[in-house]
Amino acid sequence: MRKLAIGTALTGALALGVLAAPAAQADSPALTFAGVKVNNGKKIVVGTTAKVKVPVTYTLTRPADLTIDYKNNFAGVLLYRGTLADQDNSVEPDSAPTCTTTATTATTVTASCTETLVVDPWDNLYEAADAGTWKTAGFYGHGATDLDDSDGHISFEFGYDMWATSATAKIQRAAKLTVNATPEPVKKGRTLTVKGKLTRADWEDGTYTGYKGQKVTLQFKAKGASSYSTVKTITSGTGGALSTTVKASKDGYYRFAFAGTATTAAKSAAGDYVDVK
């Protein structure tokens, strides 16, 4: 399946110089994209290497006389930052959606569609500004080429329409959180030192870097208990460093928990078990 992307088409158009001057536009098809929902309404959390598959569902209504074959023409929903006309970044589907007809009239066909957007931190996310709220748009593209140059002539034709929708999606940096309580074991009533580190994905460098100045809670779960309770709240230091002390009272698990921010996902460390003698 060819990639259904505006970027590829526009790059080729620019190379050919076809966007250098205004051109007459064909009538846009009457398409409607309704009920757009991205990632089942959940935040999209992306690290530094793994691709994240994002389901998108929507209802597409098209003219009854318009066939979309995903070979010569295609339609779908994309994510973008910026304005519809001047996008700072975008993520488009690589393959055709699965659509099931739900209603027909003499002039229209309505279908329920599901597609998958693949967010690749290497290919789609470039800077800190990519963390935040993205908008959605429905698109329709069609093209035709004639590369038979035996008659001394070739042709490229491409048309593209986009319609903004009201749906949004939030892309966040993945976070990592570590914890280590010492000494282990420890005598009851003695001081435990609990250290750790809060880092988050840096898409520019492809690494995890320290997240300074963030509120992180130290939590404890007694041996045999089912849930953690908050002991105290501290602030991450240089490089995301975490360090605090607590009096040892009973056997159990210590962990750090980060509630997240608008740009960075929440994260809890795996508990570190301490044996109290």
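Parameters and conventions
- Residues numbered from 1 in each chain as written.
- Predicted model: local features only at pLDDT ≥ 70, side-chain atom pairs only at ≥ 80, totals over all residues.
- Heavy atoms only, no water.
- Helix = DSSP H or I, 4+ residues; strand = E, 2+ residues; numbered from the N terminus.
- Buried < 20%, exposed > 50% of the residue type's maximum accessible area, 1.4 Å probe, protein only.
- Polar contact = N/O pair within 3.5 Å; in protein donor to acceptor, adjacent residues only side chain to side chain.
- Core = buried A, V, L, I, M, F, W, Y, C linked by side-chain atoms within 4.5 Å.
- Contact = heavy atoms within 4.5 Å.
- Pairing = 2+ DSSP bridges.
- Axes fitted to C-alpha atoms, helices over the stretch in contact; angles between N-to-C directions.
- Disulfide = S-S within 2.5 Å.
- pLDDT = per-residue confidence, 0-100.

S.K.: What's the story with the side chain of Gln 172 in this structure? I'm lost.
M.R.: Note that Gln 172 resides in strand β9 (residues 155-173). For Gln 172, a relative accessible area of 3% translates into the label buried. A distance of 2.9 Å separates the side chain of Gln 172 from the backbone oxygen of Thr 261, its partner in a polar contact.

S.K.: Sorry, what's going on with the nonpolar core here?
M.R.: Across soluble globular proteins, you tend to see nonpolar side chains buried next to one another. In terms of nonpolar packing, the biggest core is built from 37 residues, with Val 38, Ile 44, Val 46, Tyr 58, Leu 60, Ala 75 and Leu 79 touching the most fellow members. Only β1 (32-38), β2 (44-46), β3 (52-63), β4 (73-82), β7 (108-119), β8 (132-146) and β9 provide two or more residues apiece to this core. Top contributing element to this core by residue count: β4, with six residues. Setting aside chain neighbours within four positions, we find Leu 60 in contact with Leu 31, Thr 32, Phe 33, Ile 68, Ala 75, Val 109, Thr 110, Ala 111 and Cys 113. Grouped together as the second largest cluster of nonpolar side chains are 22 residues, Ala 175, Val 194, Leu 218 and Tyr 254 included.

S.K.: Please explain the sheet that holds β3 as it appears in this structure.
M.R.: Two strands in a sheet stick together by hydrogen bonds in their backbones, pointing the same way (parallel) or opposite ways (antiparallel). With antiparallel pairing, the four strands of this open sheet are ordered in space as β1-β3-β7-β6. The open sheet has two edge strands, β1 and β6 (98-104), and neither has a second partner. Put simply, the sheet's adjacent strands are angled 20 degrees from each other on average, direction ignored. Both β3 and β7 contribute to a ladder of 12 bridges, which runs antiparallel. Paired with Pro 63 across the two strands is Thr 108, which belongs to β7.

S.K.: I tried to follow the sheet that holds β9 on my own but got confused; where do I start?
M.R.: Strand order in the open sheet made by the five strands is β2-β9-β8-β4-β5, with mixed pairing throughout. Edge positions in the open sheet fall to β2 and β5 (87-91), since each of these has one partner strand only. Taking the axes of each pair of neighbouring strands and ignoring which way they run, one obtains an average angle of 45 degrees across the sheet. Pairing of β2 with β9, which is carried by three bridges, proceeds in the parallel orientation. Among the inter-strand pairings, Val 46 is bridged to a residue of β9, identified as Arg 173.

S.K.: Explain the environment of Ser 166 to me, please; I cannot follow it from the model alone.
M.R.: With respect to the helices and strands, the residue Ser 166 is situated in strand β9. A relative accessible area of 77% places Ser 166 in the exposed class. Sequence-wise, Ser 166 and Ala 137 are 29 residues apart; in three dimensions their C-alpha atoms are separated by 8.4 Å.

S.K.: Help me out: how do you make sense of the state of the cysteines in this one?
M.R.: Covalent bonding between the sulfur atoms of two cysteines is what defines a disulfide. The final tally for this structure, using the stated rule, is one disulfide. Disulfide pairing is shown between Cys 99 and Cys 113; the S-S distance is 2.1 Å. Linking Cys 99 and Cys 113, the disulfide has an S-S dihedral of approximately 115 degrees and is accordingly described as right-handed. Placement of the pair is Cys 99 in strand β6 and Cys 113 in strand β7, with a sequence separation of 14 residues. On the basis of relative accessibility, which here comes to 34%, the residue Cys 99 falls in the partly exposed class. Under the relative-accessibility criterion, Cys 113 is labelled buried at 1%.

S.K.: Explanation requested: the confidence of the model for the protein in the structure shown.
M.R.: Detail in the predicted coordinates should be disregarded across regions flagged by low pLDDT. With 91% of its residues at a pLDDT of 70 or more, the protein has an overall mean of 92. Confidence drops under a pLDDT of 50 for residues 1-24, and excluding neighbours within four residues, the segment shows 27 contacts in the predicted structure.

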